[in-house]
Amino acid sequence: MMLPPSNRPADDPRNGPVILRRDYAAQGLNDRAVTRRIREEGLVRLRRGAYVSPDVWSACDEVGRFGLLGRAALRQAVAHVVLSHSSALVEYGAPLWGFDLSIVHVTRTDGLSGRRGPDLVQHQGRMGPGDLVVLNGVPVMNPARAALESATLGSLEAALCVANFLLNSRLMTMKELIAQYVDMENWPDTRPIELLLRLADPRVESIGESRFFFCCFQQGLPAPQPQYPIRDAAGRVVFRVDFAWPDLGLFVEFDGKIKYEKLLKEGERASDVVLRERDRERKICELTGWRCIRVTWADLANSTRLAATIRAELFRPAA
């Protein structure tokens, strides 16, 4: 597992710095003077005794602020701990859709019992060789372990989004994920992991695609093939579609805001991308004779209705 020592610039606001009350106390300030200094500098409170500058706070989104909360917990920890579960995933840039971003998760490295607080869960866990990685200057669980740990916290759907991201980004492999599970299979709350291993697929490229794939599984639809190649008459791959059921003559394209932003060329508007995508869809239909369904984030909010639409198209009687 080859990971860079950092995947962010040193001045990235997600790196902090986190400021503790004791940092000011170490300068010889008494408690009242520390409180005045914090107020004068407009520091934003992360958790009791831990702050960041207003510039750092405003530059971070919700996930970035969750990462700062984890860094604060690390700085304040008395025991030797490492960021784990969803708190480790922040440092890998993994999607945290569906996870509670108010609770930091750390694991003790000494194997002793953990504890639980209002914004912190300190886990007791065994540390194996290679479990610990230093990334962006902080100790975190390796991506395979963090992915499997995440399945014990949130929904299987949320854990699948994480696993597919890490696999697609080549931060881990299926072989590493399975090997990590062998080391964890007797741990409590790991029952969902076996199913996660069956569903995870490195070909799935986004949260929306992961959620769609999970919808198909949950609703009992035939499993679609991700990133299916479309070939021309000469056998050359000319397009790829997000999902396809080749034998049933249907393909799916997921329409997400991020996807359209990526496709924007200089000087283009979103409407230009939509028109180009519609032309692409028409060409694919002409090449294959298949039908297309476009899925949006709004569709994923009602998986039962979405599955009914897909099922009707999949098994539509021939004209």
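Just so it is clear, the model here is predicted, and its values are computed rather than measured.

J.: I'd like a rundown of the nonpolar core, residues and numbers included.
T.: Counting 66 residues, the largest nonpolar core has L166, F212 and I310 as the members making the most contacts within it. For this core, the element with the highest residue contribution is helix α7 (residues 156-168), accounting for eight residues. Judged by nonpolar contacts, the second largest core, of 10 residues, contains A50, V52, V56 and A72.

J.: Which residues make up the pattern of salt bridges, and what are the values?
T.: Scanning the entire structure with this criterion turns up 22 salt bridges. D12 is the partner of R14 in a salt bridge, and the nearest nitrogen-oxygen pair spans 2.8 Å. Put simply, R145 and E149 hold a salt bridge, and the shortest N to O gap is 2.9 Å. In this pair, R145 and E149 are both assigned in helix α6 (residues 143-150), four residues apart and thus about one turn of the helix distant. Judged by relative accessible area, which is 1%, R145 ranks as buried. Residues joined by salt bridges that share partners form a network here, namely D255, R278, E281 and R294.

J.: Any chance you could break down the packing of aromatic side chains for me, citing the residues and the numbers?
T.: Aromatic ring pairs are defined here through the distance separating the ring centres and the angle between the ring planes. A complete count under the given rule lists six aromatic pairs for this structure. Judged by centre distance (6.2 Å) and plane angle (20°), the ring pair of F213 and F243 falls under stacked. In this pair, F213 sits in helix α10 (residues 207-218) while F243 sits in strand β11 (residues 237-245), placing the two residues 30 residues apart along the sequence. Like F213, the residue F243 is buried in the burial classification. Aromatic pair F254 and W297: ring centres 5.6 Å apart, planes at 80°, arrangement edge-to-face. In this pair, F254 is assigned in strand β12 (residues 250-255) and W297 in helix α13 (residues 297-300), connecting sequence segments 43 residues apart. Through successive ring pairs, a cluster of aromatic residues spans F212, F213, F243 and W245.

Criteria and cut-off values
- Residues numbered from 1 in each chain as written.
- Predicted model: local features only at pLDDT ≥ 70, side-chain atom pairs only at ≥ 80, totals over all residues.
- Heavy atoms only, no water.
- Core = buried A, V, L, I, M, F, W, Y, C linked by side-chain atoms within 4.5 Å.
- Buried < 20%, exposed > 50% of the residue type's maximum accessible area, 1.4 Å probe, protein only.
- Helix = DSSP H or I, 4+ residues; strand = E, 2+ residues; numbered from the N terminus.
- Salt bridge = Lys/Arg side-chain N within 4 Å of Asp/Glu carboxyl O.
- Phe/Tyr/Trp six-rings, centres within 6.5 Å; stacked < 30°, edge-to-face > 60°.

Coordinates in, geometry out; function isn't part of it.
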